[in-house]
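Here are the chains, one letter per residue:
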Amino acid sequence: MAGYLTTHVLDTAGGRPASGMRIELFRLDHGRERLAEMLTNRDGRTDTPILPEADFQTGRYELVFHVGAWLDAEGVDAPEPRFLDEVPIRFGMSEQDHYHVPLLISPYGFSTYRGS
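Quantities reported herein were computed from a predicted structural model and do not represent experimental measurements.

What counts, and where the lines are drawn
- Residues numbered from 1 in each chain as written.
- Predicted model: local features only at pLDDT ≥ 70, side-chain atom pairs only at ≥ 80, totals over all residues.
- Heavy atoms only, no water.
- Phe/Tyr/Trp six-rings, centres within 6.5 Å; stacked < 30°, edge-to-face > 60°.
- Helix = DSSP H or I, 4+ residues; strand = E, 2+ residues; numbered from the N terminus.
- Lys NZ or Arg CZ within 6 Å of the ring centre and 35° of its normal.
- Pairing = 2+ DSSP bridges.
- Axes fitted to C-alpha atoms, helices over the stretch in contact; angles between N-to-C directions.

Enquirer: What's the story with the packing of aromatic side chains in this structure? I'm lost.
Expert: Both the distance between ring centres and the angle between the ring planes are used here to describe each pair of aromatic rings. According to the stated counting rule, one finds three aromatic pairs in the structure shown. Ring geometry for tyrosine 61 against phenylalanine 91: centres 6.3 Å apart, planes inclined by 25°, an arrangement best described as stacked. Note that tyrosine 61 is positioned in strand 5 (residues 59-66) and phenylalanine 91 in strand 6 (residues 86-93), a separation of 30 residues in sequence. Above the plane of the ring of phenylalanine 26 lies arginine 32, whose end atom (NZ or CZ) is 3.7 Å from the centre. Over the aromatic face of tyrosine 99 sits the side chain of arginine 114, whose NZ or CZ is 3.9 Å from the ring centroid.

Enquirer: Can you walk me through the sheet that holds strand 8 (residues 109-112) in this structure?
Expert: Note: strands within a sheet are paired through backbone hydrogen bonds, in either parallel or antiparallel orientation. Judged by pairing direction, the sheet is mixed, and its four strands sit side by side in the order 2-1-7-8 without closing on themselves. In the strand order of this sheet, the two ends are held by strand 2 (16-17) and strand 8, each with one partner. Note that strand 7 (residues 98-106) and strand 8 share four bridges and pair antiparallel. Residue pairing across strands places isoleucine 105 opposite phenylalanine 110, the latter belonging to strand 8.

Enquirer: Sorry if this is basic, but what is going on with the sheet that holds strand 3 (residues 22-27) here?
Expert: Across the sheet, which stays open at both edges, the four strands sit in the order 4-3-5-6 with antiparallel pairing between neighbours. Each edge of the sheet is formed by a strand with only one pairing partner; in this case those strands are strand 4 (33-39) and strand 6. Averaged over all pairs of adjacent strands, the angle between their axes in this sheet comes to 20°, without regard to strand direction. In the sheet, strand 3 pairs with strand 5 via five bridges, with the strands oriented antiparallel. Of the residues in strand 5, the one forming a bridge with isoleucine 23 is phenylalanine 65.

What follows is the structure in structure tokens.
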């Protein structure tokens, strides 16, 4: 099996998928190289893997979720500056496998884990 990377963003405060959130993917092994930028769909996922099988390599990566801009676009009221703006998640992928890195967000917190 070839490896690949997916993500999913859920708005836990609103009880819904975070549709239209911008996500960037960076490889960190030799500096910080931007590999992809995508928007989440109506289900809070990207339409294709954010790192597909053809481009997969093991190593260190960073996903940057543009939470503050998404909250602004959704009209979520919060003091400025927002408590959360860009949420970076750094992680390693050490084997050819499906890596799933979901993000659960609210205006004042987030959590993540290695999903399936």
